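Residue strings, one per chain:
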Amino acid sequence: MMSQEQIKKKIIEYYRTILCREPDKDGIEYYVKMANNGASLDNIKELFLESSEYSILKSTKFLKHAPSFKTSFSDDEVQKMFDSVDGWYHYFKIGNVETTNTRTTMNYQMWVSQIIPTDLNGMKILDIGANDGFYSFLCESRGAKRILAIDRNQPELTDTYLKGENVCQYDTILKNKRQEERFQVLKKILNSKVDYKVMNVYNLDSINETFDTALFFGVYYHLENPVLAFQKIFPKINDSLFLSGHIIESKDPIMYLNDNKPHGGWFASSECLLQIGEKIGFKKCVLLDTLDMNFDIYSRTTDPDMKDLLNKSKIGLFKFSK
Ligand SMILES: C[S@@+](CC[C@H](N)C(=O)[O-])C[C@H]1O[C@@H](n2cnc3c(N)ncnc32)[C@H](O)[C@@H]1O
């Protein structure tokens, strides 16, 4: 049974991830009341997805570049393969079949993908923290000739850990997620040539290869040492790094340590990330766009000022060029 607070949080999440905006007070009250009257959260999510606001959003300039993935498998076969693994992170629609209960929506994924050129003919791409691999497969559909997707081993979230005091909501979301299996399922469905390696970003120097561009989406704030990660990435790329992640609203170059192992890391202001990029050696570092989306679900802070700062945070989309 979910508490009122949990229901409210979920509805706020629907506003942010589906409608890409902050909820209005009346809207929140309306949906909380609906949940209290017996509607399930899945029903409420459906209403968001069927709303005219979402359909207008779907026709935005980013969604029109959404990939139309091809497969030689029938819808039934794709459905079976989707059902063979759980915990989908990325939204995919292949034929008439979709991944369900995904952590991100196509809308969000295409907002991030606005940074990826529509023509990647002949390019070499490194996707760091690829998870289910949406961005890798998107790059392949845009003509990239070589793509390496890496992700670390998922930390072991034992029952003892999940009952312990360090647990945060994000842990329960991640529990039982088998990202490599999901990636391999998609690779098979798409008959893809994308290469996948279980690898920590800190071990990138063991790869004897360079890439035109690296994607570093949604990872830096999970890291204990993001600066070291950027240093490891730098020599592996010839041209640019595309970066997305939570950013704290501040004009100063600050970082906040959310010491919440195994997911917690340093959450930075955009100014901080830009300065890290420049100090590491990138010639041009630019913040291209931002999207409202707080990250208090990761945090256990009791400091009201910090809570406020985290609640007002956004996702930033950056391009660092050599
Ligand atoms: C929030 S998800 C983002 C997934 C995907 N890049 C996206 O933007 O949709 C973070 C991903 O980074 C991976 N990750 C976290 N720490 C990592 C590390 N040290 N090295 C490699 N991958 C890491 C996680 O396993 C997870 O798949």
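For the structure itself, consult the block above.
Quick look at the structure, then. (Residues numbered from 1 in each chain as written. Predicted model: local features only at pLDDT ≥ 70, side-chain atom pairs only at ≥ 80, totals over all residues. Heavy atoms only, no water.)

Focus on helix α11 (residues 226-233)
Stage number 1. Residues of α11 that are buried include every one of Pro226, Ala229, Phe230 and Ile233, and no others. Taken around the axis of α11, the buried residues stretch over an arc of 100 degrees, which confines them to a single face. (Buried < 20%, exposed > 50% of the residue type's maximum accessible area, 1.4 Å probe, protein only. Helix = DSSP H or I, 4+ residues; strand = E, 2+ residues; numbered from the N terminus. Arc of directions from axis to C-beta.)

With respect to the environment of Leu49
Stage number 1. Checked against the element boundaries, Leu49 lands in helix α3 (residues 41-50).
Stage number 2. Put simply, Leu49 and Tyr14 are 35 residues apart on the chain and 9.2 Å apart in space, counted from C-alpha to C-alpha.
Stage number 3. When sequence neighbours within four positions are dropped, the list of residues in contact with Leu49 reads Ile18 and Tyr54. (Contact = heavy atoms within 4.5 Å.)

What about the site of the ligand?
Stage number 1. Contacts to the ligand come from 19 residues, most closely from His90, Gly129, Asn131, Asp151 and Phe217.
Stage number 2. With respect to the ligand, the backbone of Val201 contributes an N or O atom lying 2.9 Å from a nitrogen atom.
Stage number 3. Within the complex, the protein chains bury 96% of what would otherwise be the 590 Å² of accessible surface of the ligand.
Stage number 4. In terms of residue class, the shell around the ligand is built from 9 nonpolar, 8 polar and 2 charged. (Near = heavy atom within 4 Å. Polar contact = N/O pair within 3.5 Å; in protein donor to acceptor, adjacent residues only side chain to side chain. Areas by Shrake-Rupley, 256 points an atom, 1.4 Å probe, with all protein chains shown as cover. Nonpolar A, V, L, I, M, F, W, Y, C, P; charged D, E, K, R; others polar.)

Thoughts on the nonpolar core
Stage number 1. Grouped together as the largest cluster of nonpolar side chains are 44 residues, with contacts concentrated most on Phe82, Ile94, Ile116 and Phe217.
Stage number 2. Elements that contribute at least two residues to this core include exactly α5 (75-83), α6 (106-113), α7 (134-141), β4 (146-151), α10 (179-189), β6 (211-217) and β11 (314-321).
Stage number 3. Discounting chain neighbours no more than four positions away, the residues touching Phe82 are Trp88, Phe92, Ile94, Val97, Glu98, Thr99, Leu186 and Ile189. (Core = buried A, V, L, I, M, F, W, Y, C linked by side-chain atoms within 4.5 Å.)

Some thoughts on helix α2 (residues 25-36)
Stage number 1. An ideal rise of 1.5 Å per residue puts 16 Å on 12 residues; α2 measures up with 17 Å between its terminal C-alpha atoms.
Stage number 2. Regarding α2, the residues found buried are Gly27, Ile28, Tyr31, Val32 and Ala35. Seen from one end, α2 has its buried residues packed into an arc of 125 degrees, which puts them on one side. Summarising the geometry of α2, the exposed residues directed more than 90 degrees from the buried face are Lys25, Asp26 and Lys33.
Stage number 3. Among the structural elements, α1 (4-18) and α3 are those in contact with the buried residues of α2.
Stage number 4. Looking one or two residues past α2, Gly38 carries a phi angle of roughly 115 degrees, positive in sign. (Expected span 1.5 Å × (residues − 1).)

Some remarks on the packing of aromatic side chains
Stage number 1. Following the criterion strictly, the structure yields 22 aromatic pairs and no others.
Stage number 2. Consider the rings of Tyr135 and Phe217, whose centres lie 4.9 Å apart with planes at 70 degrees: the pair is edge-to-face. On the criterion of sequence distance, the pair formed by Tyr135 in helix α7 and Phe217 in strand β6 is long-range, its members being 82 residues apart.
Stage number 3. The exposure class assigned to Tyr135 is buried, which follows from its relative accessible area of 6%.
Stage number 4. With relative accessibility at 8%, the residue Phe217 sits in the buried group. (Phe/Tyr/Trp six-rings, centres within 6.5 Å; stacked < 30°, edge-to-face > 60°.)

The values reported here are purely geometric and, on their own, carry no functional implication.
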